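As a plain string of letters, each chain reads:
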Amino acid sequence: MNITDVRVRRVAKEGKMKAVVSITIDDEFVVHDIKVIEGDKGLFIAMPSRKAADGEYRDIAHPINSSTRNEIQTIILKKYEETAEEDSAYADDSAY
């Protein structure tokens, strides 16, 4: 499995959710609505989920094992940090 594209849409409002991400796997399969969330121990990802009849939220797409989840999270958070740096640089440039 290769993640061939990562698209980050930063969330402008205040709160724990910082971005919504879409990833493309092997240029063939897309997963939308992965959330970047700021928790007590730092940033993490939450896979797309849907509210079930019992009121609980359940992932509708997710990795089967922790090593794949860690790989996806690492790639997404790296791209998120890159976009944060780009946004910061753009803000600094536009101040002049």
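This text follows the structure it describes.
Basis of the calculations
- Residues numbered from 1 in each chain as written.
- Predicted model: local features only at pLDDT ≥ 70, side-chain atom pairs only at ≥ 80, totals over all residues.
- Heavy atoms only, no water.
- Buried < 20%, exposed > 50% of the residue type's maximum accessible area, 1.4 Å probe, protein only.
- Helix = DSSP H or I, 4+ residues; strand = E, 2+ residues; numbered from the N terminus.
- Pairing = 2+ DSSP bridges.
- Polar contact = N/O pair within 3.5 Å; in protein donor to acceptor, adjacent residues only side chain to side chain.
- Core = buried A, V, L, I, M, F, W, Y, C linked by side-chain atoms within 4.5 Å.
- Contact = heavy atoms within 4.5 Å.
- Salt bridge = Lys/Arg side-chain N within 4 Å of Asp/Glu carboxyl O.

**Q** What is the right way to look at the pairing of strand 2 (residues 17–25) in this model?
**A** Burial analysis of strand 2 places seven of its nine residues in the buried class, which makes it a mostly covered element. Of the pairings in the sheet, the one linking strand 1 (residues 3–10) to strand 2 comprises seven bridges and is antiparallel in character. Residue arginine 10 lies in a different strand from strand 2, and its bridge partner there is alanine 19. Connecting strand 1 to the antiparallel partner strand 2 that follows it, the hairpin turn spans six residues, and glycine 15 within it adopts a positive phi of roughly 145 degrees. Direction of pairing for strand 2 relative to strand 3 (residues 29–39): antiparallel, over a ladder of seven bridges.

**Q** Mind showing me how you'd approach the environment of aspartate 54 here?
**A** Assignment of secondary structure puts aspartate 54 in the loop between strand 5 (49–51) and strand 6 (57–59). For aspartate 54, a relative accessible area of 51% gives the class exposed. One polar contact links the side chain of aspartate 54 to the main-chain amide nitrogen of glutamate 56, over a distance of 2.9 Å.

**Q** Just checking my understanding: could you explain the nonpolar core for this structure?
**A** The tendency in soluble globular proteins is for nonpolar side chains to be buried as a group. Of all hydrophobic cores here, the largest spans 16 residues; its most connected members are Val21, Ile23, Ile34, Val36, Ile45 and Ile76. Elements represented by at least two residues in this core include exactly strand 1, strand 2, strand 3 and helix 1 (66–94). In contact with isoleucine 76, other than residues within four places in its own chain, are Val21, Ile23, Ile34, Val36 and Ile45.

**Q** Is there a simple way to explain the side chain of threonine 24 in this structure?
**A** When you line up the elements, threonine 24 lands in strand 2. Leave out the neighbours within four places in its chain, and threonine 24 touches Asn2, Ile3, Thr4, Asp5, Phe29 and Val30.

**Q** Would you take a moment to explain the pattern of salt bridges for this structure?
**A** A side chain of one charge can pair with a side chain of the opposite charge when the charged atoms of the two come close. This structure, assessed with the given rule, holds four salt bridges. We note a salt bridge from glutamate 38 to lysine 18, for which the minimum N-O separation is 3.7 Å. In this pair, glutamate 38 sits in strand 3 while lysine 18 sits in strand 2, placing the two residues 20 residues apart along the sequence. Note that arginine 58 and aspartate 54 form a salt bridge whose closest N and O atoms lie 2.9 Å from each other.

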